[in-house]
Amino acid sequence: MNSNFKVAFATNDGVTTFAHFGRAKYFEVIEVKDGNITSTERREKPDFHSGNNHNNDHHSNHRERHNTIYTLVEDCDFVVAAGMGYGIYDFLISKGKQPIVTTEKNIEDALKKLISGQLVNHTEKMH
């Protein structure tokens, strides 16, 4: 694996990966150079699933929502969450990103595995 990359973890607390990509409050963005963390940044993301936002227009605005999310991670190589829908997964791939659905709860543990090339992509957890 390339030891220089940037990864965005879907999270609510900056410590654990969140189980639902679309409902996470933040992206914890970590830059890695030569296998070492060089920077960490928390980026707030919109909550598309609160209140009435997720009712009648659920499917009609997915492309717009995906584009909004993409602007937050467009400088990242990987996007990691503990759960993710097929739509955003495919969208990220179409934009040249590598989405990963992980069973690792702790971001630090997931990052270590990503750096070593051992982070498993559990696509069976997609919905």
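The structure under discussion appears in the preceding block.
Conventions adopted
- Residues numbered from 1 in each chain as written.
- Predicted model: local features only at pLDDT ≥ 70, side-chain atom pairs only at ≥ 80, totals over all residues.
- Heavy atoms only, no water.
- Buried < 20%, exposed > 50% of the residue type's maximum accessible area, 1.4 Å probe, protein only.
- Helix = DSSP H or I, 4+ residues; strand = E, 2+ residues; numbered from the N terminus.
- Pairing = 2+ DSSP bridges.
- Phe/Tyr/Trp six-rings, centres within 6.5 Å; stacked < 30°, edge-to-face > 60°.
- Lys NZ or Arg CZ within 6 Å of the ring centre and 35° of its normal.
- Polar contact = N/O pair within 3.5 Å; in protein donor to acceptor, adjacent residues only side chain to side chain.
- Contact = heavy atoms within 4.5 Å.
- Arc of directions from axis to C-beta.

Another aspect to go through is the pairing of strand 1 (residues 5-11). Summarising burial for strand 1: seven of the seven residues are buried, a large majority. Neither face of strand 1 is left uncovered, since the one carrying Phe5, Val7, Phe9 and Thr11 and the one carrying Lys6, Ala8 and Ala10 both have all their residues buried. Bridging between strand 1 and strand 2 (residues 26-33) involves seven bridges; their strand directions are antiparallel. Opposite Thr11, over in strand 2, you have Tyr26 as the bridge partner. Pairing analysis gives three bridges linking strand 1 to strand 4 (residues 78-81), with the strands arranged parallel. Opposite Val7, over in strand 4, you have Phe78 as the bridge partner.

Next up on the list: the packing of aromatic side chains. Going through the model one piece at a time under the given rule, you end up with three aromatic pairs. With 5.3 Å between their ring centres and 80 degrees between their planes, Phe5 and Phe78 make a pair best called edge-to-face. Of the two residues, Phe5 sits in strand 1 while Phe78 sits in strand 4, which places them 73 residues apart along the sequence. Accessibility classification places Phe5 together with Phe78 in one group, the buried group. An angle of 85 degrees between the planes, with centres 6.3 Å apart, marks the rings of Tyr70 and Phe91 as edge-to-face. Within this pair, whereas Tyr70 is found in helix 1 (residues 62-73), its partner Phe91 is found in helix 2 (residues 86-94), the two being separated by 21 residues in sequence. Side by side, Tyr70 and Phe91 carry an identical accessibility label, which is buried. Taking NZ or CZ as reference, Arg42 lies 5.2 Å from the ring centre of Tyr26, over its face. For the cation-ring pair, Lys95 lies above Tyr70, with the distance from its terminal atom to the ring centre recorded as 5.3 Å.

Turning next to the side chain of His122. Among the structural elements, His122 can be located in the segment after helix 3 (107-116). Within polar-contact distance, the side chain of His122 engages the side chain of Glu124 at 2.7 Å. Beyond its immediate chain neighbours, meaning those up to four positions away, His122 contacts Val101, Thr102 and Thr103.

Residues of helix 3 that are buried: Ile107, Ala110, Leu111 and Leu114. Each buried residue of helix 3 sits inside an arc of 100 degrees when the element is viewed along its axis, so together they form one side. Those residues of helix 3 that are exposed and aimed more than 90 degrees away from the buried face are Glu108 and Lys112. Here the buried face of helix 3 lies against strand 1, strand 2, strand 3 (36-44), strand 4 and strand 5 (98-101). If you check the start of helix 3, you find a side-chain oxygen 2.8 Å away from the backbone N of Glu108, and it comes from Asn106. Positive backbone phi, at 80 degrees, marks Gly117, one or two positions downstream of helix 3.

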